[in-house]
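Coordinates in review
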Amino acid sequence: MLFRSSAAICGAVIALAISVTVARSEIVAVHSSAVVTAASGDAIVGAASMYNPLRPGWREGGSNTASGERYDPSVWAAAIRTTLRQKFGGVQFGARPKYALVEAVGKKVIVKINDVGPLLPGRIIDLNERTMRHFDPSLQLGVINDVRVRPLSGDYWIPGPVG
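Quick summary incoming for the structure in this document. Keep in mind it's a predicted model, so treat the numbers as computed, not measured.

Secondary structure summary: the protein contains three helices and seven strands in total. Reading the protein from its N end, one meets helices and strands in the order α-α-β-β-β-β-β-α-β-β. Looking at the protein as a whole, 38% of its 163 residues qualify as buried. By sequence separation, contacts in the protein at least 24 residues apart represent 79% of the contacts at least 6 residues apart.

Following this line, the structure appears as structure tokens:
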């Protein structure tokens, strides 16, 4: 009986330690607006849409991105229009990740640019599912207009919301 109680307490302490670590990593992912503004390049303005090649019936792309990573709907990532590839320092197979600041509807988020594509006219970026939910929690809009996307220099960014 004593052994079971000790094991339960030990398990609870481990679970608490893990939850604190996860919570801290979420807090660290929020950059201050001043740092992001200072590090940002020229803004590109246009429309954003969402893509998720893992959804049934999806007609574009596959599960691998241009960088060689598998598409993951749960990370902060996006695909830029193919013609913007060089403005973002090139998005190439096996290359270091590129980052961008995306601003729309009064919100800001840092995303990893890991894919490119021939987007529909007027669209400059395709957001993955998690990123689109940040701007449109119900996913009902489909397209977000007047989106500002700025390449970020360096490779030290942590993707996520900007506070």
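Don't stop here, the text continues.
What follows deals with the pattern of salt bridges. What the rule picks out here adds up to four salt bridges. The salt bridge partner of lysine 108 is glutamate 103, with a shortest N-O separation of 3.9 Å. What makes lysine 108 partly exposed here is its relative accessible area of 24%. The buried category is assigned to glutamate 103, whose relative accessible area is 13%. A single salt-bridge network, built from bridges that share partners, covers Glu103, Lys108 and Arg150.

Core analysis: the largest hydrophobic core is formed by 24 residues, its most contacted members being Ile80, Phe88, Val102, Ile113, Ile125 and Val149. Elements represented by at least two residues in this core include exactly strand S1 (44–50), strand S2 (77–81), strand S3 (98–104), strand S4 (107–117), strand S5 (123–127), helix H3 (129–135) and strand S6 (143–152). Ranked by size, the runner-up nonpolar core spans six residues in total, among them Tyr99, Leu101, Ile110 and Val162.

This paragraph deals with the environment of phenylalanine 135. Relative to the elements of secondary structure, phenylalanine 135 occurs in helix H3. The exposure class assigned to phenylalanine 135 is buried, which follows from its relative accessible area of 5%. Residue contacts for phenylalanine 135: discarding those within four places in its chain leaves Val102, Ala104, Val105, Lys107, Val109, Leu127 and Ile144.

In this section: the environment of isoleucine 113. With respect to the helices and strands, the residue isoleucine 113 is situated in strand S4. Sequence separation between isoleucine 113 and proline 97 is 16 residues; the distance between their C-alpha atoms is 6.7 Å. Discounting chain neighbours no more than four positions away, the residues touching isoleucine 113 are Ala78, Ile80, Phe88, Val91, Lys98, Tyr99, Ala100 and Ile125.

Positive phi, close to 40°, is recorded for valine 105, a residue that is not glycine. Relative to the assigned elements, valine 105 resides in the loop between S3 and S4.

Rules of the game
Residues numbered from 1 in each chain as written. Predicted model: local features only at pLDDT ≥ 70, side-chain atom pairs only at ≥ 80, totals over all residues. Heavy atoms only, no water. Helix = DSSP H or I, 4+ residues; strand = E, 2+ residues; numbered from the N terminus. Buried < 20%, exposed > 50% of the residue type's maximum accessible area, 1.4 Å probe, protein only. Contact = heavy atoms within 4.5 Å. Salt bridge = Lys/Arg side-chain N within 4 Å of Asp/Glu carboxyl O. Core = buried A, V, L, I, M, F, W, Y, C linked by side-chain atoms within 4.5 Å.

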